[in-house]
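Listed below are the residues making up each chain.
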Amino acid sequence: MLDNVYATAHAQHTVRSWRRVNQLVQSKTFIIDGSSLDIATVVALARFGCTPVLKDVAAAAASLSQSVQTLNGYLSKGYFLYGVNTGFGGSADTRTRDLLGLQRALMQHVQSGVLTSEDISGRSTHEYLESHSMPSAWTRAMILVRINTNLRGHSAMCFNVLEAMMQLLRHDIVPVVPLRGSVSASGDLMPMSYIAAAIQGNPDAYVRVGKPEDGNLKVISAEAALKNASLEPIVLGPKEGLSLINGTSGATAVAVLGQYEANQLAVISQLLTALTSEALYANTEWAHPFIAAVRPHPGQIEAAQNIRTFLRGSKLTYGLEAAKDRLQLGLAQERYATRSSPQWLAPQLEDLLSAEQQLVTELNSTTDNPVANVEGDDIHCGANFQAASVTSATEKTRLALHSIGKMLFAQTSEMINDDLSNGLPPNLAADDPSSSFCLKGVDVNTAAYTSELGFLANPVSNHVQTAEMHNQSINSLGLLSARQTLAAVEVLSLIVANCLYTGCQGVDLRVLHRTFLERIREPSRDFALRCVDNPAHLEHFFDLFWTLIETRWYELATLDAAERCEAVSQCIAIAVVRCPDHTTSLTIPRMAAVSTEYSQFLLRAYTTRRDAFFLSPPTAEYLGRGTKAIYCFVREKLGVPMHQGLVEHPIANHPSGNTLNGRHKKTIGSWVSIIYEALRNGSLCAEVFQFLEQAGMGGERM
């Protein structure tokens, strides 16, 4: 064994975060205190409907009350304070005594985003326009992050305002928030203002109520929603408008949702690298711990160790547990897509951990302005709303996602391309390659996805435009960057689904051909015996003959089965020529007859083996522990079968009823779509992380 403990920083963190989400979903509630919010908790609320509970209601109310008292004391001295008795932004040179009216004026000018009639009707048809509103999960996350920020006691907000946001989450009232229009400079003012509008019961603000899975989701006005829930609209006091909308809550909330999935995709990519190596029957010496130890980047050490974990017990790779062939012919080492994967992934894993740390800090920060300093009895004006740290985190994450996607595309192409796949058939077609092109379309799709992912990897921060009377002359574009990162998560998930489908097809074909050769080895000995003068010469002749058979079988993968078997049978003549002293009595007509019989035997044996393999592939027995887990998940739990070739394609009114071996025929895209949905709904990741927990990824020994 090369490792006794699988304790690796990024993967360990990812597994623990996944486990925490599951625990929160089971408990249904969680404590929120303003200082300990983590990404898993945001995910549990946003995607799975968990509900926050204040750690100490009385203490929270007292803390908020003290900040309000600090503000009132400041104002009682006749001082001017930004956003409380002055104008906003570039208009901060104005003064007013109408403190409540000023907060209404704030809401009026920032509630300026575009929503279409479909967004506020809840009956989107996607006939032409895409949604102009945020997904509900994003909005729920934004509310939670805002509550956590305000709970810290620096916002001069009354407790009833915070409680009003809590009530939105308890009653699953989700404001309809415009998707675009925030520069994330003075915070995400416009998006957050629609959450503020909801608790104010604005009759021209809209919310989603009900659950889509129950079939009762509808969009109604905020005014109606509060009334239906017996909730009173909030009237904002001095600064409370700013306390609700000024800050990084929008950008941070969306960013952490993307970060959670990005971490998972990074782990999955290492598993796919292991699966690709098995499909290629690769020399995985490149994952040896010595190589990483002498270049000790933490991410490289981790990636190599994770890949070894996934490959443990594999019969389809060599160079680690199985000794490498030091005299092998052909390719002396694997190509970069697999061989350099630990080095390629190293900075990505390190950047993802760095990005996570930035986002968790942001989750538990005070990010509005001005901020109340209760202990110092003062109010300070600053710029904690500038979400540059969020942008920094998401740009690192997005670039990491692109690098991962580029690697997986290269691996996918290598498996599909018969010039690179170490003997697999062209396009991974299980039938005759002259008339079946199987995964050629997957290769093209993956190229398209990778191109899009590369575009998304471009930084957002260098597109900053001066905004709002040159007051917001530099702005973070944090929410835009977070949105692009979630888009990158989506595109990389498509690449992962393609790579996984390809990898499963690849290992099936690898095992099909290996088991076929294993089954014909002894029968082939009888044909060899017919070629030698003396049975005593059989072993020498057969060793040469069989080496030729194995080599030529894989070299001729581009041929249809009948042609391939005929060409391979010519190895008899080659072996005879190379062993003239042992085959002196073999005539040319007799050799031709033996060759013809052998060709027929090969074709019968191959088609019989292939048909039996389609019904019951033994592939899992040959895979590493980790790759076996994901392979069995795809084949057994998802029901995505090995693709048998052209016979798989659905045809209208076909006599078979478009079934094959008792299952419905589907297009290749439909099978890949099943994998993609399992990836996005978390069931695929759960399978992988359960394996990692059993393998001690939480730090425990096996």
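Quick summary incoming for the structure in this document. Think of each chain on its own: its residues are numbered from 1, step by step along the sequence as written. The predicted nature of this model means local features are confined to residues of pLDDT at least 70 and side-chain atom pairs, given and counted, to a pLDDT of 80 or more, with totals for whole chains, interfaces and linings taken over all residues. With hydrogens and water stripped out, all remaining heavy atoms of the structure feed into the side-chain values.

## Considerations on the sheet that holds strand 3 (residues 174-175)
For step 1, the next point in the chain: The strand order across the open sheet built from three strands is 3-4-5, with neighbouring strands paired in antiparallel fashion. Both edges of this open sheet fall to strand 3 and strand 5 (218-221), since each of them pairs with a single strand only.
For step 2, the next point in the chain: Here, strands pair whenever DSSP counts at least two bridges between them. Secondary structure elements follow DSSP: runs of H or I of four or more residues count as helices, runs of E of two or more count as strands, with numbering from the N terminus. In the sheet, strand 4 (residues 206-209) pairs with strand 5 via four bridges, with the strands oriented antiparallel. When the sheet's bridge partners are listed, Val 207 is paired in strand 5 with Ile 220.

## So, helix 3 (residues 57-76)
For step 1, the next point in the chain: In this scheme, a helix's expected span is set at 1.5 Å multiplied by one less than its residue total. With 20 residues, helix 3 ought to run about 28 Å at 1.5 Å a step, and its terminal C-alpha atoms sit 28 Å apart, in line with that.
For step 2, the next point in the chain: Burial classes: relative accessible area under 20% of the type maximum marks a residue as buried, over 50% as exposed, and values in between as partly exposed (1.4 Å probe, protein chains only). If you check which residues of helix 3 are buried, you get Ala 60, Leu 64, Ser 67, Val 68, Thr 70, Leu 71, Tyr 74 and Leu 75. All buried residues of helix 3 fall inside an arc of 145° around its axis, so they share one side. Seen from the open side of helix 3, the exposed residues pointing more than 90 degrees away from its buried face are Ala 58, Gln 69 and Ser 76.
For step 3, the next point in the chain: Capping the start of helix 3 is the job of one residue whose side-chain oxygen sits 3.2 Å from the backbone nitrogen of Ala 58: Asp 56. As used here, the arc belongs to the directions running from the helix axis to the C-beta atoms. What qualifies as a polar contact is a pair of N or O atoms within 3.5 Å, subject to a donor-acceptor requirement within protein and to the restriction that residues adjacent in sequence count only when both atoms come from side chains.

## Observations concerning the packing of aromatic side chains
For step 1, the next point in the chain: Classification of ring pairs rests on two measures: the distance between centres of Phe, Tyr or Trp rings, Trp counted by its six-membered ring, which must be within 6.5 Å, and the angle between planes, read as stacked under 30 degrees, edge-to-face over 60 and tilted in between. What the rule picks out here adds up to 15 aromatic pairs.
For step 2, the next point in the chain: Here Phe 516 and Trp 553 contribute two aromatic rings whose centre-to-centre distance is 4.7 Å and whose plane-to-plane angle is 40°, an arrangement assigned as tilted. Of the two residues, Phe 516 sits in helix 18 (residues 478-529) while Trp 553 sits in helix 19 (residues 538-555), which places them 37 residues apart along the sequence. The two residues Phe 516 and Trp 553 agree in class, both being buried.
For step 3, the next point in the chain: Here the aromatic cluster, defined as three or more aromatic residues joined through ring pairs, consists of Phe 527, Phe 541, Phe 542, Phe 545, Trp 546, Tyr 598 and Phe 601.
For step 4, the next point in the chain: Lying over the aromatic face of Trp 553, Arg 564 brings its terminal NZ or CZ to 4.0 Å of the ring centre.
For step 5, the next point in the chain: Our definition puts a charge over a ring when NZ of Lys or CZ of Arg is within 6 Å of the ring centre and also within 35 degrees of the ring normal. A cation over a ring is seen here: Lys 666 above Trp 671, with NZ or CZ 5.7 Å from the ring centre.

## Quick look at the side chain of Thr 397
For step 1, the next point in the chain: With respect to the helices, strands and loops of the structure, Thr 397 is situated in helix 16 (residues 388-416).
For step 2, the next point in the chain: Within the structure, the side chain of Thr 397 is placed 2.7 Å from the side chain of Gln 259, a separation counted as a polar contact.
For step 3, the next point in the chain: The contact criterion used is simple: two residues touch if any of their non-hydrogen atoms lie within 4.5 Å. Those residues in contact with Thr 397 that sit more than four places away from it in its chain are Gln 259, Ala 262, Leu 352, Ala 355 and Thr 485.

## Details of the nonpolar core
For step 1, the next point in the chain: Nonpolar cores are built from buried Ala, Val, Leu, Ile, Met, Phe, Trp, Tyr and Cys residues. Side-chain atoms within 4.5 Å join them into one set. Membership of the largest hydrophobic core comes to 200 residues, with the highest contact counts inside it found for Phe 545, Tyr 598 and Leu 684.
For step 2, the next point in the chain: Examining the composition of this core, we find that 23 residues originate from one element, helix 18, more than from any other.
For step 3, the next point in the chain: When sequence neighbours within four positions are dropped, the list of residues in contact with Phe 545 reads Ser 524, Ala 528, Cys 571, Ile 572, Ala 575 and Tyr 598.

## Thoughts on a nonpolar patch on the surface
For step 1, the next point in the chain: Residues form patches when they are more than 30% accessible in relative terms and have no salt bridge. Like charges link within 9 Å. Nonpolar side chains (Val, Leu, Ile, Met, Phe, Trp, Tyr) link within 5 Å. Note that accessible areas follow from Shrake-Rupley with a 1.4 Å probe, and for residues the cover is restricted to the protein chains shown. We define a salt bridge as a side-chain nitrogen of Lys or Arg found within 4 Å of a carboxyl oxygen belonging to Asp or Glu. A cluster of nonpolar residues, Phe 290, Ile 291 and Val 294, forms a patch on the protein surface that exposes about 290 Å² of accessible area.
For step 2, the next point in the chain: Its place among the elements puts Phe 290 in helix 12 (residues 289-293).

## Overview of unusual backbone geometry
For step 1, the next point in the chain: Residue Asn 369 is joined to Pro 370 through a cis peptide bond whose omega torsion reads -5°.
For step 2, the next point in the chain: Tracing the sequence through the fold places Pro 370 in the loop between helix 15 (341-363) and strand 6 (371-373).
For step 3, the next point in the chain: Phi is positive for Lys 28, close to 75°, though the residue is something other than glycine.
For step 4, the next point in the chain: Summarising the element assignment, Lys 28 is placed in the loop between helix 1 (9-27) and strand 1 (29-32).
For step 5, the next point in the chain: If you check the backbone angles, Ala 156 has positive phi at about 55° while not being a glycine.
For step 6, the next point in the chain: Turning to its location among the elements, Ala 156 is positioned in the loop between helix 6 (136-150) and helix 7 (159-170).
For step 7, the next point in the chain: The exposure class of Ala 156 is buried, given its relative accessible area of 3%.

## Quick notes on the environment of Glu 648
For step 1, the next point in the chain: On the secondary structure map, Glu 648 appears in the loop between helix 23 (625-637) and strand 8 (659-660).
For step 2, the next point in the chain: For the pair Glu 648 and Cys 438, spaced 210 residues apart in the sequence, the C-alpha separation amounts to 9.7 Å.
For step 3, the next point in the chain: A distance of 2.7 Å separates the side chain of Glu 648 from the side chain of Arg 663, its partner in a polar contact.

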